[in-house]
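Coordinate analysis (summary)
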Amino acid sequence: MTLEAHAGVVPATAREPVLTLRGISKSFGAVQALTGVDMDILPGEVVGVVGDNGAGKSTLVKILAGVYPADSGEIRFQGKAVSIPSPAASRALGIATVFQDLALCDNLDVVSNLFLGREIGAFTLDEEQMEQRSWSLLRQLSAKIPSVRIAVASLSGGQRQTVAIARSLIGEPRVVILDEPTAALGVAQTAEVLNLIERLRERGLGVVLISHNMADVQAVADRVVVLRLGRNNGDFRVADVSYEDIIAAITGAADNAVTRRAHARTAEEGQLS
Ligand SMILES: Nc1ncnc2c1ncn2[C@@H]1O[C@H](COP(=O)(O)OP(=O)(O)OP(=O)(O)O)[C@@H](O)[C@H]1O
Ligand SMILES: [Mg+2]
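The present account deals with the structure reproduced in this document.

If you check the shell around ligand 1, you find Phe 28, Val 31, Ala 33, Gly 51, Asn 53, Gly 54, Ala 55, Gly 56, Lys 57, Ser 58 and Thr 59 and nothing else. Sorting elements by how many residues they give to the shell around ligand 1 places helix 2 (residues 57-64) first, with three residues. Partitioning the shell around ligand 1 into residue classes produces four nonpolar, six polar and one charged.

Next comes the structure, spelled out in structure tokens:
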């Protein structure tokens with residue numbers, strides 16, 4: 001075995017998707033929330049998922065987080081077909097989801113929040129070890145947290161988001177899903193969270209970034225997947241697509257550059273396979 005293979009280093013061209021969705025559909029009674037949605041997430045890639053209100057973004061996140069089962073379709077994780085019947089199953093696979101409400105305990109300090117439900121030590125908590133791991137994790141993320149022993153309630157919005165993201169990494173996931181991580185943040189805090197997302201990519205994680213903010217998506221994502229009325233309506237490399245093209249795909253502006261491009265791409269893929 002070469003040193004490279006041993007270290008798990010894979011050249012970018014040979015990367016296999018860590019997560020693949022094919023034909024995912026989900027309805028709630030008469031409401032068809034998702035219809036035949038496809039998506040691939042590579043390791044070390046940030047994929048922005050955008051779409052108008054009701055496009056199905058949160059429903060997609062909840063299927064991956066094990067909150068709802070899909071009605072039909074296939075989910076593959078690291079090449080294997082999987083089912084995700086519960087949030088515990090999602091975490092056990094290696095999918096970490098940071099929901100918009102963060103679900104932090106305000107009255108507890110940073111360390112307690114990071115290790116909530118996973119306290120180290122057989123019978124007693126090893127506080128020192130947890131504190132050290134907290135610092136090391138936050139350092140790896142270049143996070144700006146003044147102290148790990150202050151209550152989360154006293155942190156800024158960006159710092160709280162950082163703690164929630166750091167907590168999701170404790171279980172050593174392969175994919176991290178962030179639902180609107182910058183929605184409630186100011187300019188400086190948003191920049192901090194975007195930096196954090198870049199750290200996740202450097203660690204080789206696949207990152208799914210749900211966002212209404214096109215500037216954030218264009219700043220940090222490698223690819224953008226557009227959902228419209230519960231269906232795929234575009235999959236673009238961020239470097240190749242303009243703001244106007246993304247907006248047109250979101251709103252469904254008729255026969256435009258986006259849909260033509262999407263059709264050309266589908267045809268091209270059809271020829272290749
Ligand atoms: N639990 C539910 N019961 C019934 N309908 C639902 C449920 N969850 C979502 N829906 C419907 O499914 C569709 C997709 O909703 P979803 O929340 O996934 O959209 P979204 O893209 O996250 O929108 P937003 O940008 O407003 O958060 C909507 O029509 C919504 O009303
Ligand atoms: Mg939503």
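Attention now moves to the packing of helix 6 (residues 157-169) against helix 7 (residues 187-202). Contact pair helix 6 / helix 7: the axes reach a minimum separation of 8 Å and the direction vectors enclose 20 degrees. Between helix 6 and helix 7, the interaxial angle falls into the category roughly parallel. Seen from above, helix 6 lies across helix 7 with right-handed handedness. In this structure, helix 6 uses Gly 157, Gly 158, Gln 161, Thr 162 and Ile 165 to contact helix 7, whose residues at the interface are Gln 189, Glu 192, Val 193 and Leu 196. Partitioned by chemical class, the residues of the contact of helix 6 with helix 7 number three nonpolar, five polar and one charged.

Our focus in this paragraph is the nonpolar core. Counting 69 residues, the largest nonpolar core has Ile 177, Val 207, Val 208 and Leu 209 as its most contacted members. Top contributing element to this core by residue count: strand 2 (residues 31-41), with five residues. Ignoring anything within four residues of it in the chain, the contact list for Ile 177 reads Val 61, Leu 64, Ala 65, Ile 95, Thr 97, Val 98 and Val 208.

Attention now goes to the pairing of strand 9 (residues 223-228). Taking burial as the measure, the six residues of strand 9 include five buried ones, the bulk of the element. Of the strand pairs in this sheet, strand 3 (residues 46-50) and strand 9 are connected by four bridges, and their pairing is parallel. By the bridge assignment, Gly 48 is partnered in strand 9 with Val 224. Pairing of strand 9 with strand 10 (residues 231-237), which is carried by five bridges, proceeds in the antiparallel orientation. Across the sheet, the residue bridging to Val 225 is Asp 235, located in strand 10. Joining the antiparallel neighbours strand 9 and strand 10 is a turn of two residues, in which Leu 229 adopts a positive phi near 50 degrees.

Conventions and cut-offs
Residues numbered from 1 in each chain as written. Chains lettered and ligands numbered in written order. Predicted model: local features only at pLDDT ≥ 70, side-chain atom pairs only at ≥ 80, totals over all residues. Near = placed C-beta within 6 Å. Helix = DSSP H or I, 4+ residues; strand = E, 2+ residues; numbered from the N terminus. Nonpolar A, V, L, I, M, F, W, Y, C, P; charged D, E, K, R; others polar. Axes fitted to C-alpha atoms, helices over the stretch in contact; angles between N-to-C directions. Parallel < 35°, antiparallel > 145°, perpendicular 65-115°, else oblique. Left-handed = near helix turned anticlockwise from the far one by under 90°. Contact = placed C-beta atoms within 7 Å. Core = buried A, V, L, I, M, F, W, Y, C linked by C-beta atoms within 7 Å. Buried ≥ 20, exposed ≤ 12 C-beta atoms within 10 Å, placed from the backbone. Pairing = 2+ DSSP bridges.

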